[in-house]
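# Architecture and fold: a report
Spelled out from the first residue to the last, the chains are:
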Amino acid sequence: MDGVSLGFSALAIVSILAVTVLLAFVEKRIAPGDWARTVLVAGTGGAIVTIACSIELIVLPLLLVGPLAALGALFATLATSLLETESVPKRLVVAGAATAIVFLPVASTVFATLFDPFGTRLGVIDLGGALPTLVAGGGVAIGTALVRRPPDAVLSSRAEGWPIVVPSVLVWFATVGWVVGLELAADDMVPIIVVSALVIPVVAAAAASVVERLRFRRTTASGFVTGLLAGVAAAVPACAFVTPPLAAAIGIVAGAVCALLPDRLRAWPVATLAVGAAISVVLLGAFGTNIGYIYTGQPELVLGQVFVTVVSIAGGGLVGAGFGWLVQRWPSRERSLPRR
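Just so we're clear, the structure is a prediction, and the values are computed from it rather than from any experiment. (Residues numbered from 1 in each chain as written. Predicted model: local features only at pLDDT ≥ 70, side-chain atom pairs only at ≥ 80, totals over all residues. Heavy atoms only, no water.)

Overall, the coordinates contain 3 aromatic pairs when judged by the stated rule. Plain terms: the ring middles of Phe75 and Phe103 are 5.4 Å apart, the flat faces sit at 40 degrees to each other, and that makes the pair tilted. Of the two residues, Phe75 sits in helix H3 (residues 62-79) while Phe103 sits in helix H4 (residues 88-111), which places them 28 residues apart along the sequence. (Phe/Tyr/Trp six-rings, centres within 6.5 Å; stacked < 30°, edge-to-face > 60°. Helix = DSSP H or I, 4+ residues; strand = E, 2+ residues; numbered from the N terminus.)

What follows is the structure in structure tokens.
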């Protein structure tokens, strides 16, 4: 362990936590009570990951433990982001259980390189941990929300309007620090990571705006933000493994697909993040530089990337649906709080 690697690890921790905070602004979770609950939920996710690493449920290099705990905090906030009308105990239980049941197994697959059923010897291609965090966390949140059927008042208050553009752009910049930090070294890959992490979101935002113009004959802030968040999510797994032209192609696909999502899903930033990241992980299997199908002619990596993506989002969705069902039937003396 040297000072440079330790600095990169610290950069990853700070950047991931910054993304966690900034996403609260994008989702307009800015009331004092909401902040307190967000901190408690994030702390629960981070604490569970830290405990799991300390008792060696997940065996990782020491430099990855801090970033993984930060990813656990981000996962917990995303997984419970559509439970904001529920009481604090309910959210904490869902955050803790989802982190243990969903995040830890997927994170083990990605970071401990335990997954290789197709004989690629590459493990899962996912630089920033998008699968356990954005894809699985989005699956839990969407599954929970679809079972609970949030009221229209909650749906209509989701991210919209120009005030969310600034925090969304800051999420983009913080994500650059996230993925650079997880490289853990000042090597030749850092410029590639930075360029791709800058290119993918801006191209995705442009693609989403074009699709919105073609569909609705207008361009709005929410459409721009949808594309930008989709691009940010797509950059997290892919930015170290693609050239700038391929990065732009991934951004176009992620932004366009997310702009075509049903209105209900586009109203939830967590859904945009999940879909953008899932698209990127799958496309890496086909277009990853020197490792993807178009370079090697071998389908094993594509199959592996598709498999882990489907399992992550479907497994998270099923667990989330179970939590949503339980939340509806959990008696509570605490009144549900209206969303601000």
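Once that is clear, we can look at the side chain of Thr226. Within the secondary structure, Thr226 sits in helix H9 (residues 221-238). On the basis of relative accessibility, which here comes to 7%, the residue Thr226 falls in the buried class. Setting aside chain neighbours within four positions, we find Thr226 in contact with Cys258, Ala259, Arg266 and Thr272. (Buried < 20%, exposed > 50% of the residue type's maximum accessible area, 1.4 Å probe, protein only. Contact = heavy atoms within 4.5 Å.)

Next up on the list: the nonpolar core. If you look at the biggest cluster of nonpolar residues, it comprises 80 residues, and the most contacted ones within it are Leu68 and Trp178. Among the elements that line this core, the one with the most residues is H3, at 10 residues. Apart from residues lying up to four places away in sequence, Trp178 is in contact with Ala12, Ser15, Ile16, Val19, Leu71, Leu74, Gly128, Leu134 and Val236. Ile125, Ala234, Ala247 and Leu284 belong to the second-largest nonpolar core, a separate cluster that totals 19 residues. (Core = buried A, V, L, I, M, F, W, Y, C linked by side-chain atoms within 4.5 Å.)

Taken as a whole and judged by the stated rule, the model has 4 cavities of 30 Å³ or more. Forming the boundary of the largest cavity are Ala208, Glu212, Phe216, Ser222, Gly223, Thr226, Ala259 and Arg266. Mapped onto the lining of the largest cavity, the elements with two or more residues apiece are helix H8 (189-216) and H9. Tallied by class, residues from the lining of the largest cavity come to 3 nonpolar, 3 polar and 2 charged. (1 Å grid on protein atoms, 1.4 Å probe; cavity = no way out; pocket = protein on both sides within 12 Å on 5 of 7 lines; lining within 4 Å. Points joined across faces, edges and corners; volume = space filled by probe spheres on them. Nonpolar A, V, L, I, M, F, W, Y, C, P; charged D, E, K, R; others polar.)

Time to look at unusual backbone geometry. In this structure, Glu56 is a non-glycine residue whose phi angle is positive, near 65 degrees. Relative to the assigned elements, Glu56 resides in the loop between helix H2 (32-54) and H3. Here Arg217, not a glycine, exhibits a phi torsion of approximately 60 degrees, which is positive. Of note, Arg217 is situated in the loop between H8 and H9.

Under the definition given, this model contains 2 salt bridges. When the shortest N-O distance is used, the salt bridge between Glu86 and Lys90 registers 3.4 Å. Accessibility assignment for this pair places Glu86 and Lys90 in one class, buried. Measuring nitrogen to oxygen at the nearest pair gives 2.2 Å for the salt bridge that ties Asp263 to Arg266. With Asp263 and Arg266 both in helix H11 (residues 263-266) and 3 residues apart, this pair spans about one turn of that helix. (Salt bridge = Lys/Arg side-chain N within 4 Å of Asp/Glu carboxyl O.)

Glancing now at the packing of helix H1 (residues 3-26) against helix H7 (residues 165-181). Interaxial distance between H1 and H7 falls to 7 Å at its minimum, and their mutual angle equals 160 degrees. When the axes of H1 and H7 are compared, the pair comes out roughly antiparallel. Judged by the sense of rotation from one axis to the other, the crossing of H1 with H7 is left-handed. Packed against H1, whose contacting residues are Phe8, Ser9, Leu11, Ala12, Ser15, Ile16, Ala18, Val19, Leu22, Leu23, Phe25 and Val26, the element H7 presents Pro167, Ser168, Leu170, Val171, Ala174, Thr175, Gly177, Trp178, Val180 and Gly181 at the interface. (Axes fitted to C-alpha atoms, helices over the stretch in contact; angles between N-to-C directions. Parallel < 35°, antiparallel > 145°, perpendicular 65-115°, else oblique. Left-handed = near helix turned anticlockwise from the far one by under 90°.)

Quick look at the packing of helix H10 (residues 244-259) against helix H12 (residues 269-287) now. For the pair H10 and H12, interaxial distance at closest approach is 9 Å and the crossing angle is 140 degrees. Taken as axis vectors, H10 and H12 run oblique relative to one another. Here H10 runs over H12; the crossing is right-handed. Between H10, through Leu246, Ile250, Val253, Ala254, Val257 and Cys258, and H12, the contact on the second element is made entirely by Thr272, Val275, Gly276, Ile279, Ser280, Leu283 and Phe287.

Right, let's get into helix H14 (residues 300-329). With 30 residues, H14 ought to run about 44 Å at 1.5 Å a step, and its terminal C-alpha atoms sit 44 Å apart, in line with that. Residues of H14 that are buried: Leu301, Gly304, Gln305, Val308, Thr309, Ser312, Gly316, Gly317, Gly320, Phe323, Gly324 and Val327. Packing partners of the buried residues in H14 comprise H4, helix H5 (130-148) and H12. (Expected span 1.5 Å × (residues − 1).)

Below, the discussion takes up the environment of Leu170. Note on placement: Leu170 falls in helix H7. For Leu170, a relative accessible area of 40% gives the class partly exposed. It is 8.9 Å that separates the C-alpha atoms of Leu170 and Ala18, two residues lying 152 residues apart in sequence.

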